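Spelled out, the chains give:
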Amino acid sequence: MRRDNEGLHAGRRTRPYAPMTKIFARIVSAVLALAAPALAADPWSHAEVVTEVMFDNRFEPDHLTFRSGQPTELRLENRGKDMHEFTAPTFLAAAKVRDKRLLANGGTDIVVQAGKSIRIFLIPGPKGQYDLTCADHDWDGMVGGITVE
Ligand SMILES: [Cu+2]
């Protein structure tokens, strides 16, 4: 009986190493969990900001320049008394838009209510010239252009 007990005791003596290994494994996984978000960098955290201000009835500036493939935060600020639209069907279709729910009219434009601002994150598509208008006020000269370079 004693020997059996001693045997068990001897067996237990090797056990303190098992919890140490488990603790070490937990520390390693905890460190990895902390490091993971830093390793998987948020592509939008360094987004380039492009701002378009809308008045009644013009864009300012009337010409925007984006960089192809560059994560971009497009800020649309409506300082007018009317609702305005950032109507750029080809540009928006070619871009990778993070939140497509912000697009209206079949993805062709972004509606900005009077006095409101919208931030939309996108990655512009191929280099080129794209049309920009306000679908409601293009008749009144609310037109511009977009260059992706
Ligand atoms: Cu308008």
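A short tour of the structure in this document, coming up. Predicted model only: the values in this text are computed from it and were never measured.

What about the pairing of strand E4 (residues 72-78)?
Consecutive residues of a regular strand have side chains that alternate between opposite faces of the sheet. Sheet topology note: the strand E1 (residues 48-55)/E4 ladder contains seven bridges and is parallel. Directly across from Val49, in E4, lies its bridge partner Glu73.

Digging into the sheet that holds strand E2 (residues 58-60)
In space, the five strands of this open sheet follow the order E2-E1-E4-E8-E6, with mixed pairing throughout. Each end of this open sheet is capped by a strand with a single partner; those strands are E2 and strand E6 (96-97).

Section: the nonpolar core
If you look at the biggest cluster of nonpolar residues, it comprises 23 residues, and the most contacted ones within it are Ala88 and Ile146. The set of elements that each furnish at least two residues to this core consists of E1, strand E3 (63-66), E4, helix H3 (89-94), strand E7 (109-112), strand E8 (117-123), strand E9 (128-133) and strand E10 (143-148). With three residues, the top contributor of residues to this core is E7. In contact with Ile146, not counting residues within four places along its chain, are Leu64, Phe66, Ala88, Phe91, Tyr130 and Leu132.

Some thoughts on the environment of Arg119
For Arg119, the location among the structural elements is in strand E8. A count of 14 C-beta atoms within 10 Å places Arg119 in the partly exposed class. Sequence separation between Arg119 and Glu73 is 46 residues; the distance between their C-alpha atoms is 6.4 Å. Apart from the residues within four sequence positions on either side, Arg119 is in contact with Glu73 and Arg75.

Considerations on the environment of Pro124
Secondary-structure assignment places Pro124 in the loop between E8 and E9. Between the C-alpha atom of Pro124 and that of Thr72, which follows or precedes it by 52 residues, the distance is 7.6 Å. Not counting the four nearest positions on each side in its chain, Pro124 is found in contact with Phe66, Arg67, Ser68, Gln70, Thr72, Ala95 and Val148.

Here we look at unusual backbone geometry
Between Asp56 and the following residue, Asn57, the backbone shows a cis peptide bond with an omega angle of -5 degrees. For Asn57, the location among the structural elements is in the loop between E1 and E2. Residue Pro61 follows Glu60 across a cis peptide bond; omega there is 0 degrees. Take Pro61: it is sitting in the loop between E2 and E3. Of note in the backbone geometry, Asn105 takes a positive phi value of approximately 50 degrees without being a glycine. By the secondary structure assignment, Asn105 is in the loop between E6 and E7. Looking at Asn105, the number of C-beta atoms within 10 Å reads 12, which means it is exposed.

Rules used in this analysis
- Residues numbered from 1 in each chain as written.
- Predicted model: local features only at pLDDT ≥ 70, side-chain atom pairs only at ≥ 80, totals over all residues.
- Pairing = 2+ DSSP bridges.
- Helix = DSSP H or I, 4+ residues; strand = E, 2+ residues; numbered from the N terminus.
- Core = buried A, V, L, I, M, F, W, Y, C linked by C-beta atoms within 7 Å.
- Buried ≥ 20, exposed ≤ 12 C-beta atoms within 10 Å, placed from the backbone.
- Contact = placed C-beta atoms within 7 Å.

Shape descriptors only; they carry no functional weight alone.
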